[in-house]
Amino acid sequence: METSGRIATTPDVLDFTVENVEKGLHQLYYDPNIENKNLAQKWLMQAQVSPQAWQFCWALLSPDKVPEIQYFGASALHTKISRYWSDIPSDQYETLKTQLFSQIACFSSGSKMVLTRLCVALASLALNTMPEVWPGAVPEMVRVFQEEGGGVDGRARCLALLELLTVLPEEFQTSRLPQYRKGQVRGALGREWGSVCPLLQQLLRQGDSPGAVKARVLRCLSSWVLLDVPLSESEGLVEDCFTALPDPELFDTAVEAIVNAISQPDSQRYVNTLLKLVPQVLSLQEQLREAVQNGDMETSHGICRIAVALGENHSRALLEQVEHWQGFLALVNMIMFCTGIPGHYPVNETTSSLTLTFWYTLQDDIMSFDSERQAVYLQVYRPVYFQLVDVLLHKAQFPSDQEYASWSSDEKEQFRIYRVDISDTLMYVYEMLGAELLSNLYEKLGRILTNTEQASSWQHTEALLYGFQSIAETIDVNYSDVIPGLIGLLLRININNVQLADTVMFTIGALAEWLADHPVMLSSVLPLVLQALGNPDLSISSVSTLKKICRECKYDLPPYASNIVAVSREVLSKQIHKTSQCMWLMQALGFLLSALHVEEILRNLHSLITPYIQQLEKLADETPNPSNKLAIIHILGLLSNLFTTLDISKQEDESGESTALPVKTAPPPPGPNPVVVVLQQVFALIQTVLSKWLNDSQVVEAVCAIFEKSVKTLLHDFAPMVSQLSEMLGQMYSTIPQASALDLTRQMVHIFARETDHFPPIKALFELVTSVTLSIFQQGPRDHPDIVDSFMQLQAQALKRKPDLFLSESLDVKAVFHCGKCVLLCSCTQTLVICCGLVVQENGKLLLQAVLEAIGGGSSRSLMEQFAEVLFSLNKHCFPLLTVWLKEVLQAQGFPSTRVTTEQKDTFTQQILRERVNKRRVKDIVKEFTLVCRGLHGTEYAAEYCL
């Protein structure tokens, strides 16, 4: 440390004295310079684990020090005990224990944070010494703090004891004990419950116990039950917790204790205790109702947590107690009350969301019984679930327009997520209630829409539609007899609200598959969708709905195509939708055009994209700037998304089933694909754009995306463009190498490398990008991880699709091989290349050496499975050579790690050579060997790593 009071910056200054530690702490807390704070923190962490910590930590606990300094001393003690226990001589255990007891007694009336840290230190000592060295740890703790003396009053001693007993199980949960020790210590702690439970019960039942003591008792109980203390043994204490609930000061801790106790997985074995708890929970209903009436959200929330914990964790156990069915049904109805708690979530209440998982659990448990018992339970609980649907749809209703407008954006988002959770619940409930649920919803919607005497709120209508939408989105409703009537009702709705309009749109979208089977209804719903398309407030719902209809019903849409294209073109020209919705709209139009005749496709394409081509021509002439860059990327994105879904090759009955109905589609057309026609027309323009924007990876990526998506969609229909695209890609990559160009090349290799007519341009492109990339490797691949990754994937694709590409005289196969080896060593990528036989035979030993070096510690452990695959492949295809190479490479002293012995290397060699079929086994062998090489074998980490 420097004499000025700041920590010295030289790393060799590690004089961990009391004075220097205090200076370091002062610098950490009070120095305004953030660099000095960071330096102090780093130095103090070193001090905490140093051997000198045993000297300064006790001095820092001196009564004349400020709490921050005392806290650091206590933390240093805990660190030394918990992490460096093996450094403490066994003859020092007793002294250390006595000192800690003494310090805890001193601080029982002092700083709470220091007291807690000292208790955690003693708890760590207890965990490291029980059960052998300190078998009666808990009784001794109780005895020490019950003894009078030391000038500490009884209340302070009691609170200190309770703090110690509370942190003991918590410290166990986070301790670094080896797995075998954890089992021993858990058993020992379980036996100590017999000493803790009577003490807690006595303090909780004592009339004169201060509130602070009772609160600490409840916290202590919460901590111990997490050790899976048998519920039957804590039954009396849990019942006592219920008596604490009326006390506002104890309410939260009592709720936590009860919930923790009955939520333990093991507690379901104690059915008799659970049955005793049901009336206890039911007795809270009056307190719950009063809390709801008084707007006491904290109390209603806490009581709901208790009811849900009992019902959710033990519904099956309680269902099976048939003679007690009324008690459990009463509990279910109590939870129903919590689900339907008055007010709008999350502004007026936050309780109802807690209950949703319970309804899943109860339904699963009922449906898991045999059919005979299931029928009995359904008789009781089907009406309950119909009531649940009504409650959920009521909770899903929007508030009044005025109230909703007053909500914050965060509250609106929470409400949206809450409605999604309700939607998921309704979808699940449908599995139990079936078609009757749809009929039920239809009847209610029909009543409110046809009732001319009493007008219903739009919120009520919207919620019922939302119920339909929730079910139709994921459940096949094609056979429901209420959907035609629902379509009719949709047309009767007076849509005068954005939220209602949104739900109408989403409901139509959810029925897209049904509309494909009932195309006569399209004329009814399409006008609604196209009208909504022009409203920016309905952007997401209208565009996604049109996309679903165009995808599912495209073969029935030709009569409406010109209108859909015209409306979409107008909407796009007005720029009222965000970029993502514009892309969706283009995808919708791609689906739509796919079902038309080629002449119609080209005519519609011309009218649709000509304005964008003209705009792109203008932008291509401008000097590059951020504004026109965004416009260019937007236009290229529109074209990409249009070509992603425009696929005339699928103009056939996609169901694949024979049918007596006439096929709705035309035969595959002759001549070039419309997408190819358009791409050929704009190719020169795209080259012009590239010439100015070749330095910009985002523009290049957008250009490549057009062709990549077109290739993926058109496959062999893209053939007319292979030659000119290959030439352009080569020029692009030669000028400025970018990963997106390699990815497009990989797609071209995948589709066209095996075709004789297209092999020459593909071969030339492959050789060119390989040559350019090899020069990048010579400069160092670490600066271009994206290019390295894409290049390795390209090489792997080429080897799979057309190994002949590597037979070219102008392609340096050995250099490619060494690039793969370089990638192994630098771990730039997880893509590994297994090169062709000639290279492996000549250079396989180098490859093996690189792989073993990586396994030995040269690469991330996350890549071991990939290295195992390399070894497995070598073993499978080059077994005789691998036998020799392993022997030669592993002969080197200290290779691949100084931690492995010759015997361990021999065992590894034998294990690898033995496994020529079981790849999973080879991966396990490599994982184990890398741990040995890294000195991690046999550690707790190793056990987790090998799982």
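These figures come from a predicted structure and were not determined experimentally.

Novice: Even after reading the chapter, I still don't get the overall build of the chain, so can you show me in this structure?
Specialist: For the chain, the count of helices and strands is 44 helices and zero strands. Here the C-alpha coordinates of the chain stretch approximately 100 × 90 × 65 Å along the principal axes. Counting only contacts in the chain whose residues sit at least 6 apart along the sequence, the fraction spanning at least 24 positions is 73%. Across the chain, the centroid of the 74 positively charged side chains sits 5 Å from that of the 104 negatively charged ones.

Novice: Got a minute to help me understand the packing of aromatic side chains in this structure?
Specialist: The geometry of an aromatic ring pair is captured by the separation of the ring centres together with the interplanar angle, meaning the angle of the planes. On inspection of all chains with the given rule, the structure shows 20 aromatic pairs. With a centroid separation of 6.3 Å and an interplanar angle of 55°, the aromatic rings of Tyr29 and Tyr30 are classed as tilted. Here Tyr30 falls in the exposed class, since its relative accessible area comes to 53%. Taking the centre distance of 6.3 Å and the plane angle of 15° together, the rings of Phe56 and Phe72 count as stacked. Note that Phe56 is positioned in helix 3 (residues 53-60) and Phe72 in helix 4 (residues 67-83), a separation of 16 residues in sequence.

Novice: It is not clear to me how the UniProt feature "domain: Importin N-terminal" (unreviewed entry) in the chain should be interpreted in this structure. Could you clarify?
Specialist: Those places that UniProt annotates as "domain: Importin N-terminal" (unreviewed entry) correspond, in this numbering, to residues 40-106. Structurally, residues 40-106 comprises 73% helix and 0% strand, and the distance from its first C-alpha atom to its last is 29 Å.

Novice: Help me understand helix 24 (residues 498-510), please; the structure alone is not making it clear to me.
Specialist: Given 3.6 residues per helical turn, the α-helix brings residues three or four places apart onto the same face. For helix 24, spanning 13 residues, the distance from its first C-alpha to its last is 18 Å, which sits close to the expected 18 Å at 1.5 Å a residue. Buried residues dominate helix 24, accounting for ten of its 13 residues. Of the positions making up helix 24, those classed as buried are Gln499, Leu500, Ala501, Thr503, Val504, Met505, Thr507, Ile508, Gly509 and Ala510. The N-cap residue of helix 24 is Asn497: its side-chain oxygen and the backbone nitrogen of Gln499 are 2.8 Å apart.

Novice: Can you walk me through the pattern of salt bridges in this structure?
Specialist: Between side chains of opposite charge, a pair can form as their charged atoms come close. What the rule picks out here adds up to 31 salt bridges. Taking the shortest distance from any N to any O, the salt bridge between Glu140 and Arg143 comes out at 3.9 Å. With Glu140 and Arg143 both in helix 7 (residues 137-146), this residue pair falls three residues apart, about one helical turn. Residue Arg143 is classed as partly exposed on the basis of its relative accessible area of 43%.

Novice: Whenever I open this one, the packing of helix 1 (residues 18-30) against helix 3 confuses me. Can you help?
Specialist: Helix-helix packing is characterised by the crossing angle of the two axes and by the distance between the axes. Where helix 1 contacts helix 3, the axes come no closer than 9 Å and their chain directions differ by 65°. Overall, the two elements helix 1 and helix 3 adopt an arrangement that is roughly perpendicular. As helix 1 runs across helix 3, the sense of the crossing is right-handed. Each of Val18, Val21 and Glu22 in helix 1 lies in contact with helix 3, whose residues at this interface are Phe56, Ala59 and Leu60. Residue composition of the contact of helix 1 with helix 3, by class: five nonpolar, no polar and one charged.

Novice: Just to check I follow, could you spell out the nonpolar core for this structure?
Specialist: The tendency in soluble globular proteins is for nonpolar side chains to be buried as a group. The biggest cluster of nonpolar side chains holds 288 residues, and the ones touching the most others in it are Tyr381 and Phe707. The two domains that each donate at least three residues to this core are domain 1 (12-87) and domain 2 (90-206). Residues Ala854, Val870, Ile925 and Val926 belong to the second largest nonpolar core, which totals 30 residues.

Novice: Before we go on, may I ask you to explain helix 30 (residues 598-621) in this structure?
Specialist: The end-to-end C-alpha distance of helix 30, which contains 24 residues, comes to 32 Å, matching closely the 34 Å that a straight helix rising 1.5 Å per residue would cover. A maximum bend of about 45° is found in helix 30 at Ile609, where proline Pro611 lies one to four positions downstream. Every buried residue of helix 30 is listed here: Val598, Ile601, Asn604, Leu605, Leu608, Ile609, Tyr612, Ile613, Leu616, Leu619 and Ala620. Among the structural elements, helix 28 (561-574), helix 29 (579-594), helix 31 (626-645) and helix 32 (674-693) are those in contact with the buried residues of helix 30.

Novice: Just to check I follow, could you spell out the environment of Ile81 for this structure?
Specialist: For Ile81, the position within the fold is in helix 4. With a relative accessible area of 0%, Ile81 lands in the buried category. If sequence neighbours within four positions are ignored, Ile81 has contacts with Trp54, Ile88, Leu96, Leu100, Ala121, Ser124, Leu125 and Asn128.

Novice: Explain the side chain of Ser740 to me, please; I cannot follow it from the model alone.
Specialist: Mapping Ser740 onto the fold places it in helix 35 (residues 739-752). Look at Ser740 and you get buried, because its relative accessible area is 12%. When neighbours within four sequence positions are excluded, Ser740 is seen to be in contact with Val700, Glu701 and Cys704.

Novice: Sorry, what's going on with the environment of Ser790 here?
Specialist: Position of Ser790 among the secondary structure elements: in helix 37 (residues 785-801). Taking C-alpha positions, Ser790 is 8.4 Å from Arg746, a pair spaced 44 residues apart along the chain.

Each value, and the rule that gives it
Residues numbered from 1 in each chain as written. Predicted model: local features only at pLDDT ≥ 70, side-chain atom pairs only at ≥ 80, totals over all residues. Heavy atoms only, no water. Helix = DSSP H or I, 4+ residues; strand = E, 2+ residues; numbered from the N terminus. Contact = heavy atoms within 4.5 Å. Lys, Arg positive; Asp, Glu negative; His and termini not counted. Charge placed at Lys NZ, Arg CZ, Asp CG, Glu CD. Phe/Tyr/Trp six-rings, centres within 6.5 Å; stacked < 30°, edge-to-face > 60°. Buried < 20%, exposed > 50% of the residue type's maximum accessible area, 1.4 Å probe, protein only. UniProt positions renumbered as here; feature names shortened; annotations may be inferred. Expected span 1.5 Å × (residues − 1). Polar contact = N/O pair within 3.5 Å; in protein donor to acceptor, adjacent residues only side chain to side chain. Salt bridge = Lys/Arg side-chain N within 4 Å of Asp/Glu carboxyl O. Axes fitted to C-alpha atoms, helices over the stretch in contact; angles between N-to-C directions. Parallel < 35°, antiparallel > 145°, perpendicular 65-115°, else oblique. Left-handed = near helix turned anticlockwise from the far one by under 90°. Nonpolar A, V, L, I, M, F, W, Y, C, P; charged D, E, K, R; others polar. Core = buried A, V, L, I, M, F, W, Y, C linked by side-chain atoms within 4.5 Å. Domains from an automatic or database assignment. Bend = angle between axes of the 7 residues up to and from the residue.

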